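A look at the structure
Spelled out from the first residue to the last, the chains are:
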Amino acid sequence: MERPYVILSAAVSLDGFLDDDSPDRLVLSNEADFDRVDEVRAGVDAIAVGAGTVRADDPRLQVRSATRRDERLAQGRRATPLRVVFSPSGELDPGARLFSGGDPVVVYTSEAGAAACRVGPEAAEVVATAAREVDLEAALADLAGRGVARLLVEGGGTVHTAFLSADLADEVHVAVAPFLLGERGGARFLYPAPFPQSPARPLRLVEARAIGAVALLVYRRD
């Protein structure tokens, strides 16, 4: 069984940060780019984030546009794609918005994380993929078995790093804000790792365009 086609998506500062060091979420993009991301969401079968993103941003991971939700329903699909969380520790807040409505979320975790997870079965299906970590290849195989052909991964940096270093990303969308955060920078888009996307095997740039003051870059693997 083939694994899903994996798209990584992030908005970053010019120096590669996903957020600053303040307690409030930093807006790095604009409404036009948010709508572009919503269109990408509407075109996939599942949307995934890491536990850190759930804690920091408390996302719903839903298609925002009512028109796009209706189009998905007319196609015989869920109004919003399957929602997925990667959490090795299983330490997730049952009160997070992600677990408060809609279809149950699939949480990929470790055996230890599955034992520690406090999210009830009515809100999440907890799947252990390895003893102490999340086995991404096992998670992707499980998603393929659920009919997921296209997966959108929206962060954070630890998850993006894991997918890229494991050579499991097929496409990367990066919206770049026109400012730097420097010493105020918080979470990063990527962390040090042995990446196979080296100068000897670079990603291929397939799109570069301005969305207002934001620059969108889209890369694909060959």
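Description of the structure in this document. Model, not experiment: these values are computed from the prediction.

Let us now look at the overall build of the protein. A count of helices and strands for the protein gives six helices and nine strands. Its C-alpha atoms give the protein a radius of gyration of 17 Å, within 12% of the compact-globule value 17 Å for 222 residues. Each principal axis of the C-alpha distribution contributes one length, and for the protein these read about 45 × 40 × 40 Å. For the protein, buried positions account for 47% of its 222 residues.

The next thing to look at is the environment of arginine 69. Mapping arginine 69 onto the fold places it in helix 3 (residues 66-74). Residue class for arginine 69 comes out partly exposed when judged on its relative accessible area of 28%. Beyond its immediate chain neighbours, meaning those up to four positions away, arginine 69 contacts Val63, Arg64, Ala79 and Thr80.

Considering the arrangement of structural elements, one finds glutamine 197 in the loop between strand 7 (171-176) and strand 8 (204-211). Looking at glutamine 197, the relative accessible area reads 19%, which means it is buried. Only 3.0 Å separates the side chain of glutamine 197 from the backbone oxygen of leucine 164, close enough to count as a polar contact.

Let's shift gears to the sheet that holds strand 1 (residues 5-12). The mixed open sheet is built from nine strands, whose spatial order is 5-4-3-2-6-1-7-9-8. The outermost strands of the open sheet, each flanked by one partner alone, are strand 5 (124-130) and strand 8. The average undirected angle you get between the axes of adjacent strands in this sheet is 20°. When strand 8 meets strand 9 (residues 214-220), the two strands line up antiparallel, connected through seven bridges. When the sheet's bridge partners are listed, leucine 205 is paired in strand 9 with tyrosine 219.

Here the focus is the pairing of strand 9. Alignment of strand 7 against strand 9, held across six bridges, turns out to be antiparallel. Paired with valine 174 across the strands is leucine 217, a residue of strand 9. Between strand 8 and strand 9, which follow one another and run antiparallel, lie two residues, and glycine 212 among them has a positive phi close to 65°.

Quick look at the pattern of salt bridges now. Under the definition given, this model contains 17 salt bridges. For arginine 41, the salt bridge goes to glutamate 154, with nearest N and O atoms at 2.8 Å. Of the two residues, arginine 41 is situated in helix 1 (residues 31-42) and glutamate 154 in the loop between strand 6 (150-153) and helix 6 (157-165); the sequence distance between them amounts to 113 residues. Accessibility assignment for this pair places arginine 41 and glutamate 154 in one class, buried. Linked through salt bridges whose partners overlap, the residues forming this network are Asp35, Asp38 and Arg68.

Rules used in this analysis
Residues numbered from 1 in each chain as written. Predicted model: local features only at pLDDT ≥ 70, side-chain atom pairs only at ≥ 80, totals over all residues. Heavy atoms only, no water. Helix = DSSP H or I, 4+ residues; strand = E, 2+ residues; numbered from the N terminus. Rg over C-alpha atoms; globule rule 2.2 N^0.38 Å. Buried < 20%, exposed > 50% of the residue type's maximum accessible area, 1.4 Å probe, protein only. Contact = heavy atoms within 4.5 Å. Polar contact = N/O pair within 3.5 Å; in protein donor to acceptor, adjacent residues only side chain to side chain. Pairing = 2+ DSSP bridges. Axes fitted to C-alpha atoms, helices over the stretch in contact; angles between N-to-C directions. Salt bridge = Lys/Arg side-chain N within 4 Å of Asp/Glu carboxyl O.

As far as function goes, none of this settles anything; it's purely spatial.
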